[in-house]
Amino acid sequence: MRLLRSLTALSLCACLLGGCAAPGDPSRPRVTTNSLGMEFVLLPAGDFLMGSDEGPERLAHDYPRYERRRLTALGDEAPVHRVRITQPFFMGRHEVTVGQFRQFVKASGYTPESMADGTGGYGYNAAYDPATTQRGDAFEGRDPKYSWQNPGFAQSDRHPVANVTWNDAVALAAWLSQRENAVYRLPTEAEWEYACRAGARTRYPGSDAPESLLGIANTFDADAATFWPRWQALALAGHDGHAFTAPVGSYPANAFGLHDMLGNLWEWTADWHSDTYYAQSPLDDPQGPQNGEVRVRRGGSWHTWSLYARCSFRNWNSPQTRYTLVGIRLVREAPPARP
């Protein structure tokens, strides 16, 4: 039975990439484009193994330059547990772009949090030295000069929008839902990892090797390390072609047809974070803890070390956090299949 489900999932993946419609409803498209030009890919229902049970000794083999404390601080990725996504859903093919977010702000009148509260966001400043600050943060901020319009480096309308809070992402989803009479929302953490893995159990799509990221994702490599020499030892030795954000879709899609699930920008999810949630997670469509203090973000960014750009890695921030490494990817719920 498990083999049958696996074969069915693989068949559906091939179907999605080949252009056929979802089973049971030939009229339902596999890709839909909304009023802001966001493309959404229909993902099939299915099940997968969520999380990671790799111990520090195994990780140390492939990440030899990392301090041991970093390899032992990953307990919230365990235990590995089966999750069943019971309904097909549309996942954003790309992260929300600067141009799409600009359209939203203009049409809705919404004021993003970094501007509404007057404290701004974070940004790259060549003259800023992380060693001079108490936290040693890689970026300057908060500062009103930084916002979704200015992360401190050049972006076009095709780059992913940064310096957006969880609350900004929810506001965008709510506005789209009302405008288009559809349900937009952030993905659950389980939906996000299901979409990222696209049938794989490896750390990265198709491989466990950190170096494989160079061909598929925009993460911390030799291009980015030029601007942060203090972390040169933890950069991938090759080049992915971008020192900062890349235009969305610059790297190959995964088996579900989704781009930049790893790298470029961290992506907010709907879930509150808990270190122990996986041990009690339900099988079907887990929604995360009922309450908490920080929301989960996933996927890593252009400035993320390879250890933290694995499909299973979990990170988190308060809903008010705005940062030059954090962006948005939305879900659009699929209408029920016709009988």
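Here the residue numbers are simple positions, counted from 1 along each chain's written sequence. Where totals are concerned, whole chains, interfaces and linings use all residues; where local detail is concerned, this predicted model gives features only for residues with pLDDT of at least 70, and gives and counts side-chain atom pairs only at 80 or more. With hydrogens and water excluded, all non-hydrogen atoms of the structure serve as input to the side-chain values.

Chemist: Help me get a handle on the pairing of strand β10 (residues 295–298), residues and values and all.
Modeler: Regular strands place their side chains on alternate faces of the sheet. Neither face of β10 is open: one carries R295 and R297, the other V296 and R298, and all of them are buried. In terms of strand pairing, strand β9 (residues 266–272) meets β10 through three bridges, oriented antiparallel. Note that in β10 the partner of W268 across the bridge is R297. DSSP-based pairing: two strands are paired if at least 2 bridges between them are found. Only DSSP runs of H or I reaching four residues or more are called helices, and only runs of E reaching two or more are called strands; each is numbered from the N terminus. Bridging between β10 and strand β11 (residues 315–317) involves three bridges; their strand directions are antiparallel. Opposite R295, over in β11, you have N317 as the bridge partner. Throughout this description, buried means an accessible area under 20% of the type-specific maximum (1.4 Å probe, protein chains only), exposed means over 50%, and partly exposed covers the range between.

Chemist: Outline the packing of aromatic side chains, listing residues and values.
Modeler: Aromatic rings in a pair are described by how distant their centres are and how their planes are angled relative to each other. Only the six-membered ring of Trp is used, alongside the rings of Phe and Tyr, when aromatic pairs are assigned; centres must lie within 6.5 Å, and planes under 30 degrees apart are stacked while those over 60 apart are edge-to-face, with the rest tilted. Summed over all chains, the structure comprises 28 aromatic pairs. Ring geometry for F244 versus W302: centroids 5.1 Å apart, planes at 55°, classification tilted. Of this pair, F244 sits in the loop between α8 (222–225) and β9 while W302 sits in the loop between β10 and β11, and the two are 58 residues apart along the sequence. The burial state of F244 is the same as that of W302; both residues are buried.

Chemist: Give me the sheet that holds strand β13 (residues 331–333): which residues, what numbers.
Modeler: Ordered in space as β1-β2-β5-β13-β8, the five strands form an open sheet in which the pairing is antiparallel. On the outer flanks of this sheet lie β1 (31–33) and β8 (184–185), each paired with one strand and no other. Here three bridges tie strand β5 (residues 89–92) to β13, and the two strands are oriented antiparallel to one another. In the sheet register, F89 faces β13, and the bridge partner there is E333. Each of β2 (39–43), β5, β8 and β13 touches helix α7 (residues 189–197); the most contacted strand, β5, lies at about 75° to it. We call two residues in contact whenever any of their non-hydrogen atoms come within 4.5 Å of each other. Axis geometry follows a simple rule: fit a line to the C-alpha atoms, using only the stretch in contact for helices, then measure angles between N-to-C directions, giving values from 0 to 180 degrees.

Chemist: How would you summarise the nonpolar core if you had to cite specific residues and measurements?
Modeler: For the purposes of this section, nonpolar cores are sets of buried Ala, Val, Leu, Ile, Met, Phe, Trp, Tyr and Cys residues that join through side-chain atoms within 4.5 Å. Core analysis: the biggest nonpolar cluster contains 84 residues, and M91, F101, F139, L172, W228, I328 and L330 have the highest contact counts within it. For this core, the element with the highest residue contribution is helix α6 (residues 166–180), accounting for seven residues. Excluding anything up to four places from it in sequence, M91 contacts E39, F40, V41, L43, P187, W192, A195, L258, M261, R329, L330 and V331.

Chemist: Tell me about the pattern of salt bridges, and please be specific about residues and values.
Modeler: Charged atoms that come close allow side chains of opposite charge to pair. We define a salt bridge as a side-chain nitrogen of Lys or Arg found within 4 Å of a carboxyl oxygen belonging to Asp or Glu. With the rule as written, the count across this model stands at 25 salt bridges. As a salt-bridge pair, R70 and E67 come within 3.5 Å of each other at their nearest N and O atoms. Here R322 ties to D117 by a salt bridge, and the two come within 2.9 Å at their closest N and O atoms. Of the two residues, R322 is situated in the loop between β11 and β12 (326–327) and D117 in the loop between α5 (113–116) and β6 (121–123); the sequence distance between them amounts to 205 residues. It is possible to trace a salt-bridge network through shared partners that takes in D76, E189, E193, R197, R298 and R314.

Chemist: I'd like a rundown of empty space enclosed by the protein, residues and numbers included.
Modeler: Cavities and pockets are found on a 1 Å grid laid over the protein atoms alone: a cavity is a set of points where a 1.4 Å probe fits but cannot escape, a pocket is an open set with protein on both sides within 12 Å along at least five of seven lines, and a lining residue has an atom within 4 Å of such a point. Grid points are joined across faces, edges and corners, and a volume is the space filled by probe spheres set on the points. A complete count under the given rule lists one cavity of 30 Å³ or more for this structure. One number sums up the size of the largest cavity: a volume of about 30 Å³. Lining the largest cavity we find M50, H81, E189, A190, D271, Y277, Y278, S281 and P286. Partitioned by chemical class, the residues of the lining of the largest cavity number five nonpolar, two polar and two charged. Think of it as three bins: nonpolar holds Ala, Val, Leu, Ile, Met, Phe, Trp, Tyr, Cys and Pro, charged holds Asp, Glu, Lys and Arg, and polar takes everything else, Gly as well.

Chemist: Quick rundown of α7? Include the residues and the values.
Modeler: Residues lying three or four places apart along an α-helix face the same way, a consequence of the helix completing one turn every 3.6 residues. Most of α7 sits inside the fold, with nine of its nine residues counted as buried. What α7 keeps buried is the set E189, A190, E191, W192, E193, Y194, A195, C196 and R197. Downstream of α7 by one or two residues, A198 has phi in the positive range, about 50°.

Chemist: Got a sec to walk through the confidence of the model for the protein? Specific residues and values, please.
Modeler: Across the chain, each position has a pLDDT score giving the predictor's confidence in that residue, from 0 to 100. Per-residue confidence for the protein gives a mean pLDDT of 92, with 91% of residues at or over 70. Taken together, the stretch residues 1–24 has pLDDT below 50 and engages in 28 contacts with residues farther than four places along the chain or on a different chain.

Chemist: An account of the pairing of strand β3 (residues 46–50) is needed here, citing residue identities and associated values.
Modeler: Here β3 lies mainly inside the structure; four of its five residues are buried. Inspection of the sheet shows β3 paired to strand β4 (residues 81–85) by five bridges, in the antiparallel sense. Opposite M50, over in β4, you have H81 as the bridge partner.

Chemist: Tell me what's going on with the side chain of D223, and back it up with residues and numbers.
Modeler: Relative to the helices and strands, D223 is located in helix α8. Lacking a salt bridge, the buried D223 has R65 as its closest oppositely charged neighbour, with an N-O distance of 16 Å. Identification of polar contacts relies on pairs of N or O atoms within 3.5 Å, with a donor-acceptor requirement for protein atoms, meaning one able to donate a hydrogen and the other able to accept it, and with residues adjacent in sequence counted only if both atoms are side-chain atoms. Here the side chain of D223 touches H239 through a polar contact of 2.8 Å, side chain to side chain. Ignoring any residue separated from it by four or fewer positions in sequence, one finds D223 in contact with H239, D240, G241, H242 and A243. When charges are counted, neither His nor the chain ends are considered; positive counts come from Lys and Arg and negative counts from Asp and Glu.

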